[in-house]
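Residues per chain are reported as follows:
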Number of protein chains: 4
Amino acid sequence: MAHRGNRHGRSEEARQAVLEAADDLLAERGFAGVTIEGIAARAGVAKQTIYRWWPSKVDVLLEAFGEDMAQHLTPEDHGDLGTDLRTHLSRLAEFLTGTDPGAVFRALAGQAQHDPQLATRLRDGHLSGQRERDGLPLRWAIERGDLPADLDVGTALDQLVGPVYYRVLVTGTPVTRAFTDDLVDAFLHRHAR
Amino acid sequence: MAHRGNRHGRSEEARQAVLEAADDLLAERGFAGVTIEGIAARAGVAKQTIYRWWPSKVDVLLEAFGEDMAQHLTPEDHGDLGTDLRTHLSRLAEFLTGTDPGAVFRALAGQAQHDPQLATRLRDGHLSGQRERDGLPLRWAIERGDLPADLDVGTALDQLVGPVYYRVLVTGTPVTRAFTDDLVDAFLHRHAR
Amino acid sequence: MAHRGNRHGRSEEARQAVLEAADDLLAERGFAGVTIEGIAARAGVAKQTIYRWWPSKVDVLLEAFGEDMAQHLTPEDHGDLGTDLRTHLSRLAEFLTGTDPGAVFRALAGQAQHDPQLATRLRDGHLSGQRERDGLPLRWAIERGDLPADLDVGTALDQLVGPVYYRVLVTGTPVTRAFTDDLVDAFLHRHAR
Amino acid sequence: MAHRGNRHGRSEEARQAVLEAADDLLAERGFAGVTIEGIAARAGVAKQTIYRWWPSKVDVLLEAFGEDMAQHLTPEDHGDLGTDLRTHLSRLAEFLTGTDPGAVFRALAGQAQHDPQLATRLRDGHLSGQRERDGLPLRWAIERGDLPADLDVGTALDQLVGPVYYRVLVTGTPVTRAFTDDLVDAFLHRHAR
DNA sequence: CATTAAGCGAGACGGTACGTCTCGTCTTTTA
DNA sequence: TAAAAGACGAGACGTACCGTCTCGCTTAATG
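Since this is a predicted model, take the numbers as computed values, not measurements. (Residues numbered from 1 in each chain as written. Chains lettered and ligands numbered in written order. Predicted model: local features only at pLDDT ≥ 70, side-chain atom pairs only at ≥ 80, totals over all residues. Heavy atoms only, no water.)

**What about the overall build of chain A?**
Next up, step 1: In terms of regular secondary structure, chain A is built from 10 helices and zero strands.
Next up, step 2: The N-to-C order of helical and strand elements in chain A reads α-α-α-α-α-α-α-α-α-α.
Next up, step 3: Overall size of chain A, expressed as C-alpha extent along the three principal axes, is 65 × 35 × 30 Å.
Next up, step 4: Relative to its 193 residues, chain A shows a buried fraction of 49%.
Next up, step 5: Within chain A, residue pairs in contact and separated by at least 24 positions form 60% of the contacts whose partners lie at least 6 positions apart.
Next up, step 6: With an accessible surface of roughly 9,000 Å², chain A has 47% of that area assigned to carbon and sulfur atoms.
Next up, step 7: Between the averaged position of the 22 positive side-chain charges in chain A and that of its 29 negative side-chain charges there is a distance of 5 Å. (Helix = DSSP H or I, 4+ residues; strand = E, 2+ residues; numbered from the N terminus. Buried < 20%, exposed > 50% of the residue type's maximum accessible area, 1.4 Å probe, protein only. Contact = heavy atoms within 4.5 Å. Areas by Shrake-Rupley, 256 points an atom, 1.4 Å probe, with all protein chains shown as cover. Lys, Arg positive; Asp, Glu negative; His and termini not counted. Charge placed at Lys NZ, Arg CZ, Asp CG, Glu CD.)

Here it is, written out as structure tokens:
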């Protein structure tokens, strides 16, 4: 990579190369295979350039993760709660188990178990926003009068998405459409009028 | 630790010292602070002694984890499904968030996201057995006729414990008794006769 | 240093700041403590400004060294060989061991052991001229008829100043007036009539 | 290099490989080309092994220099002061300008100008011993009665070897046999009876 | 009762990656 | 158009652990 010094600001070229290299390494060799040296070598970038802009390798991965979750997991309003939820949970399962950004997420979530700071940043930077999006179908239904206005949205979300994350992160069981549909059925059976 | 050579069999003394040192280091410095060198130094044991008996540091932690989960999380039969489930989920929450073995479990679960082999061993060695125990209240209820005989126990467990693990591993939200009780209510509302 | 862009030639201000900073750093932290980065920071000058005008840090030091040797070590003609030599050797010793430019010289002479190019430049730029000056008392004496016309001035100089440099650069022994006077005595004993 | 751990003491094999690699690098690339990384790579040794046993690269070179000076520059007693001195000075010149250990010495002497600690160790470890050896012909002559008993041996040595070191380290002039012989002549002319 | 062999502590070894430092090059903006 | 600013690729620094390998001691069963 031809470097191009610049008085005002960093090299976007280098930034992109680093993020891609990190992503690639995670996909190819797993989290332990993502090293600053490896990223630098693969990106054709000096180690110092990485340390200048990112405090650690998880920061690189966090930035590489970027808006992937929002892009993949923003629900659409079909006007029907059941349809909205079934579609969204199915997409969530697919994102977590079948995409590259999903793999990055799992790696970050795993690392967050060892690193409370990362946990906080992952939650504040990505998970809280995702829970907002996850809750949209419920809020739309409340507005339509299809769900009680006093529904505890947070608890409802935990019951809907919790089992999906549990299968992905803990048991490793495949998350089938039947499984997610059943979660929605259980929810509708209890709350929908 | 005074070493005592021995022709037949390993030193139980060294084994205990290693397991305790690993546990202590995890509690004090987190997963990254658990190193073979650190364990050896703290246990007063030679590195080779650790490598002789455990392939890696996660194996030490797995062994230190031992039967803790079974000991803490074996349900009792009160003859009432609601009581059984509420008690058990509450204990699960306490175990995961409020005990030392729970911290070890979280660390191992985190590492398992980076290490598929560890994931398999964690599931085969501990999680599958735990799911058996988790399912006991349901099976007792089926035997009593309080739940339908064709209940999909696996899916039911995912819906009951999934949200608990989700809060612990993903959102970091406290898992209150009200939360676990609500999970049981939702389950009973749908399935119990 | 407030930078003052300038379309007419280089900044004498910057040049002076660089030379002084280099001198100061050498005195304070030794040769290894003289870095381009450090000089730039201390002089309030951009690194590029240094690289534009000096190929390396030894060039900066060489220029800082400048005419110091000539200024300190130009002999005066007292009309007496013994007096001339004794005074000159004594001044040489003082210059090498007791002055800032002497310290710069020692650093450059040391570096010249690792860098043949520097050695050549040091000799051509400073040492050969100094040897001319060192030889003046001898030439005056030859003109006066106090020394034979066929005296090998070069060898004579080596015998006179060599031991002084040797003590400074190799043994570290103090170079006393008694020592330099004795060098002159030995020389006069052999050559003077 | 097959490594062979050992409870009692270090690997002589590794030690030799390091010393040779350092010597070779100095000869091939000069002092700046001697780096710990380079030595490690060339010797097939881990960097840590070097850091374990030597505080810095000059320590490696000092040890590589070892007894070379003593081996090359121990005078023999021919029973005649002039012969002894002429032979010895000639050998000194050859050692300093024409041998590998001589090159190491020049590098170390150069570095010593930047590093007072190294200067001290070089003097205490090698130069003081060498001056003892250099002085032997004078002491033998004193015992024989060929030199006055009250001769200041130190000053005499400075006058004899100083010009040689001066030519080697400062002027770069070749040190011919004629030059060293002339030094001896000057000395004998003044002191010998 | 001496021999023998396994487990142990100690720790040196070849490696890999860490995070820091300085190098010398390059661009941009200002005066 | 020189100067300040400072990002960049490069690569050595010294440190921390990794997992492997003797080594010499201690101990308990064996002959």
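We are not done yet, so read on.
**A few points about the packing of helix α1 (residues 12-29) of chain A against helix α4 (residues 57-65) of chain A**
Residue and element names in this part refer to chain A.
Next up, step 1: Here α1 crosses α4 at 100°, and the two axes come no closer than 9 Å. With respect to their mutual orientation, α1 and α4 come out roughly perpendicular. Contacts from Arg15, Val18, Leu19, Ala22 and Asp23 of α1 reach α4 at Val60, Leu61, Glu63 and Ala64.
Next up, step 2: Looking at the contact of α1 with α4 residue by residue, the class counts come to six nonpolar, no polar and three charged. (Axes fitted to C-alpha atoms, helices over the stretch in contact; angles between N-to-C directions. Parallel < 35°, antiparallel > 145°, perpendicular 65-115°, else oblique. Nonpolar A, V, L, I, M, F, W, Y, C, P; charged D, E, K, R; others polar.)

**Here's the deal with the packing of aromatic side chains**
Next up, step 1: Applying the stated criterion to the full structure yields 14 aromatic pairs over all chains.
Next up, step 2: For the ring pair Phe65 of chain A and Phe105 of chain A, a centre distance of 6.1 Å and an interplane angle of 35° mean the geometry is tilted. Here Phe65 of chain A, found in helix α4, pairs with Phe105 of chain A, found in helix α7 (residues 100-112); they are 40 residues apart in sequence, far enough to count as distant. Summarising the burial analysis for this pair, Phe65 of chain A and Phe105 of chain A share the class buried.
Next up, step 3: Following the ring pairs from residue to residue traces out a cluster consisting of Tyr166 of chain A together with Phe65, Phe95, Phe105 and Tyr165 of chain B.
Next up, step 4: The side chain of Arg167 of chain C reaches across the aromatic face of Phe179 of chain C, ending 3.7 Å from its centre. (Phe/Tyr/Trp six-rings, centres within 6.5 Å; stacked < 30°, edge-to-face > 60°. Lys NZ or Arg CZ within 6 Å of the ring centre and 35° of its normal.)

**Let's talk about the relation of the copies chain C and chain D**
Next up, step 1: Expressed as a screw operation, the relation of chain C to chain D combines 0.0 Å of axial shift with a rotation of 180°, fitting to an RMSD of 0.2 Å. Such a turn and shift between the copies fits a two-fold axis. Residues of chain C ranked by C-alpha distance from the rotation axis are headed by Gly110 of chain C, positioned 1.9 Å from it.
Next up, step 2: The residues that chain C uses at the interface reappear at the interface of chain D in 100% of cases, marking a shared surface. (Least-squares fit on C-alpha atoms with pLDDT ≥ 70 in both.)

**Side note on the interface of chain A and chain B**
Next up, step 1: Each partner contributes to the interface: chain A provides 31 residues, whereas chain B provides 31 residues.
Next up, step 2: Each partner contributes to the roughly 3,000 Å² buried at the junction of chain A and chain B, and carbon and sulfur atoms together form 59% of this total.
Next up, step 3: The interface formed by chain A and chain B holds four salt bridges in total.
Next up, step 4: Between Asp182 of chain B and Arg190 of chain A there is a salt bridge; the shortest N-O distance is 3.3 Å.
Next up, step 5: Where chain A packs against chain B, one counts 16 residue pairs in polar contact (both at pLDDT 80 or more).
Next up, step 6: Mapped by element, the contributors of at least two residues to the side of chain A that touches chain B are α7, α8 (116-144), α9 (153-171) and α10 (177-191) of chain A.
Next up, step 7: In the side of chain A that touches chain B, the residues fall into 13 nonpolar, 10 polar and eight charged. (Buried area = accessible area lost by both parts, 1.4 Å probe. Salt bridge = Lys/Arg side-chain N within 4 Å of Asp/Glu carboxyl O. Polar contact = N/O pair within 3.5 Å; in protein donor to acceptor, adjacent residues only side chain to side chain.)

**With respect to the domain arrangement of chain A**
All names here are of chain A.
Next up, step 1: Partitioning chain A into structural domains gives domain 1 (4-54) and domain 2 (60-191).
Next up, step 2: Distance between the C-alpha centres of domain 1 and domain 2: 30 Å.
Next up, step 3: Facing the 10 residues of domain 1 at the interface are eight residues of domain 2.
Next up, step 4: In total, domain 1 and domain 2 occlude about 910 Å² of area from one another, counting both sides; carbon and sulfur atoms represent 74% of this.
Next up, step 5: Where domain 1 meets domain 2, there are one salt bridge. (Domains from an automatic or database assignment.)

**A look at the UniProt feature "domain: HTH tetR-type" (unreviewed entry) in chain A**
Next up, step 1: Here, UniProt's "domain: HTH tetR-type" (unreviewed entry) annotation points to residues 12-72 of chain A.
Next up, step 2: This span, residues 12-72 of chain A, is 77% helix and 0% strand, and a straight line between its end C-alpha atoms measures 24 Å. (UniProt positions renumbered as here; feature names shortened; annotations may be inferred.)

**Some points on the interface of chain C and chain D**
Next up, step 1: Every contact between the two is made by 31 residues of chain C and, on the other side, 31 residues of chain D.
Next up, step 2: Interface area, chain C with chain D, both sides summed: about 3,000 Å², of which 59% is carbon and sulfur.
Next up, step 3: Summed over the shared surface of chain C and chain D, the result is four salt bridges.
Next up, step 4: For the interface between chain C and chain D, the tally reads 16 residue pairs in polar contact (both at pLDDT 80 or more).
Next up, step 5: Among the elements of the structure, α7 (100-112), α8 (116-144), α9 (153-171) and α10 (177-191) of chain C are those that each provide at least two residues to the side of chain C that touches chain D.
Next up, step 6: No other element matches the 13 residues that α9 of chain C contributes to the side of chain C that touches chain D.

**Observations regarding the UniProt feature "DNA-binding region" (unreviewed entry) in chain A**
Next up, step 1: Cross-referencing UniProt, the feature "DNA-binding region" (unreviewed entry) maps to residues 35-54 of chain A in the present numbering.
Next up, step 2: In the segment residues 35-54 of chain A, helix accounts for 75% and strand for 0%; the C-alpha atoms at its two ends are 13 Å apart.

**Quick notes on the arrangement of the chains**
Next up, step 1: Taking C-alpha atoms only, the smallest gap left between chain B and chain C, which are not in contact, amounts to 36 Å.
Next up, step 2: Looking at chain A next to chain D, you find no contact at all, with the nearest C-alpha pair sitting 16 Å apart.

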